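Geometric and topological summary
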Amino acid sequence: MELEPVIGLEVHLQLATETKLFCSCQVKFAAEANSKVCPVCLGLPGSLPVINRKAIEYAVKVALALDCTIGDQVKFDRKNYYYPDLPKNYQISQYDMPLSYEGHILINSENKDKRIRIRRVHIEEDAGKLIHEKEYSLIDYNRTGIPLLEIVTEPDISSPDEAYKYLVTLKTLLKYLAVSDCDMEKGSLRCDANISLRVKGEEVLGTKTELKNMNSFKAVKAALEVEVKRQGRLLDEGKSVIQETLLWDEEKRTTIPMRSKEEASDYRYFPEPDLVPFAIEKKSLKEIRSSLPELPREKTKRIRQAYKLSEEEAQFLVTEQDMVEFFEDCNKLFKDSKSILNWIRGPLLYEINQRNKTISELFIKPEDFIKLIKLLKTDALSNLTAKSVLTLMIDRKKGPDEVINEEDLVQVSDEASLIKLAQEVILENKESVENFLSGKVKALMFLVGQVMRKSKGKANPKKVKELLERKLKEDKKDA
Ligand SMILES: [Zn+2]
């Protein structure tokens, strides 16, 4: 009996508003503990919440980009539970009338489009942060009341790998919308997963478990893989899966049951009496819709056609918004999309990874990048030198011409100086010369390398090879 995983994901996204969801406290990461709090976010008696318009606008942006239906009424509810990170003993969330529902996103799975349905996207406030020490716990309420967006899928994801792809696709979309920094390390993006196994081809779902505490997309994938195996083993042995919440232990690569007191079973939702339900005006909806940027999917399709790229190449560029913008800006200056792409994917990506920065943080101008590619194309620079020029351009925030002048890096192509170097090398390497003349082609490359070394990498290797070959054949005739 073949089993297949059924996975649903829940993403919590911190919206990048300047102030909190229901008060004017500043949202600031790593601020001094409890320095960004007020009676409203602490839920002190007599305080009243006031909705942050920007948070609603950001939420609507995401909902529209996910093709969700926007609810006629936006209603907030109190989700009641007791936990020390929740000073009011309830969290303001949305229950039966969420901001939006029934959307979808397309992901690329096994080279095909797969539709993952979005069950709902709703707004809620974040809770505080507990810091557990050995003998006591501390609470920082700065995070309390920060606007969160909860994005919940239907159980349409069929493998840990698909879960990973969904998260990457969703994150790219969210970054395009500029509604969050999506930084998992800062907790701006968090993910929980539901998973069960069922007999392949059948509709009935098995008992699911919930996975929490995964702090990277890779961890989500790893935790799901471990859980698929664990549940499969239980079912193979004729045992049953218990519905429970599991925590991912990154170090031990295993899931462990959450202590039961950390689980709240009955939330006793009821409408938030201090916030009346409201409708989002048609006019604002229209405005927000028209403010949406070109989204990753459309962009991939467009640049694929415009620059004759493969799906994989287009997707590589589109994953980072500033990367695809850089690519398009370069193409406006120089119609050679293949060279531009190769130089972005090769040397430029190397610099990006080495420095752990984004392309815009390197401050490299498209004009300068194109100048460099052109110098390479006209043989003014060797491939190797061009790479060092790029490094120096980024280090010194200068154009290629300046760097080349400062370092005297122009490729030597004039025959007189190259012949001189070639002659020296021929005299100094008699054995290799003989080897070449007796038919060992490899020996020529060694001689080319010697000339390159003498020129400190500035000789034009193609020219050197031609010259050496010609010279050696002449010498042979003379002998
Ligand atoms: Zn506040």
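Reading the values: rules and limits
- Residues numbered from 1 in each chain as written.
- Predicted model: local features only at pLDDT ≥ 70, side-chain atom pairs only at ≥ 80, totals over all residues.
- Heavy atoms only, no water.
- Salt bridge = Lys/Arg side-chain N within 4 Å of Asp/Glu carboxyl O.
- Helix = DSSP H or I, 4+ residues; strand = E, 2+ residues; numbered from the N terminus.
- Buried < 20%, exposed > 50% of the residue type's maximum accessible area, 1.4 Å probe, protein only.
- Donors = N, O, S within 2.8 Å, 3.2 Å for Na, K, Ca; no water.
- Tetrahedral: all angles 85-135°; square planar, octahedral: opposite > 155°, others 65-115°.
- Core = buried A, V, L, I, M, F, W, Y, C linked by side-chain atoms within 4.5 Å.
- Contact = heavy atoms within 4.5 Å.

**Side note on the pattern of salt bridges**
Where side chains of opposite charge bring their charged atoms close, a pairing between them can arise. Taken as a whole and judged by the stated rule, the model has 41 salt bridges. For Glu-287, the salt bridge is made with Lys-283, and the minimal N-O distance between the two is 3.8 Å. One end of the pair, Glu-287, and the other, Lys-283, are both in helix α5 (residues 282-291), four residues apart, so they sit about a helical turn from each other. A residue is classified by how much of its surface remains accessible, and Glu-287, at 48% relative accessible area, is partly exposed. Two residues, Arg-355 and Asp-395, come together in a salt bridge whose shortest N-O distance is 3.0 Å. Placement of the pair is Arg-355 in helix α9 (residues 337-355) and Asp-395 in helix α11 (residues 383-396), with a sequence separation of 40 residues.

**Description of the environment of Val-403**
Within the fold, Val-403 resides in helix α12 (residues 400-407). The exposure class assigned to Val-403 is buried, which follows from its relative accessible area of 0%. For Val-403 and Glu-361, which are 42 residues apart along the polypeptide, the C-alpha to C-alpha distance reads 19 Å.

**Some points on the coordination of the zinc ion**
With distances of 2.2 to 2.4 Å, the protein atoms coordinating the zinc ion are Cys-23 (SG), Cys-25 (SG), Cys-38 (SG) and Cys-41 (SG). Coordination at the zinc ion is tetrahedral, judged from the four donor atoms that bind it and the angles of 99 to 114 degrees they form at the metal. Donor residues for the zinc ion sit on one chain with the sequence pattern C-x1-C-x12-C-x2-C. Side by side, Cys-38 and Cys-41 carry an identical accessibility label, which is buried.

**Some remarks on the nonpolar core**
Among the nonpolar cores identified, the biggest contains 68 residues, and Leu-9, Val-60, Leu-66, Ile-151 and Tyr-166 are the most heavily contacted of them. The element best represented in this core is helix α2 (residues 53-65), accounting for nine residues. Every residue in contact with Val-60, bar those within four places of it in the chain, is listed here: Ile-70, Leu-99, Ile-280, Leu-285 and Ile-288. Residues Phe-316, Met-323, Leu-372 and Val-403 belong to the second largest nonpolar core, which totals 39 residues.

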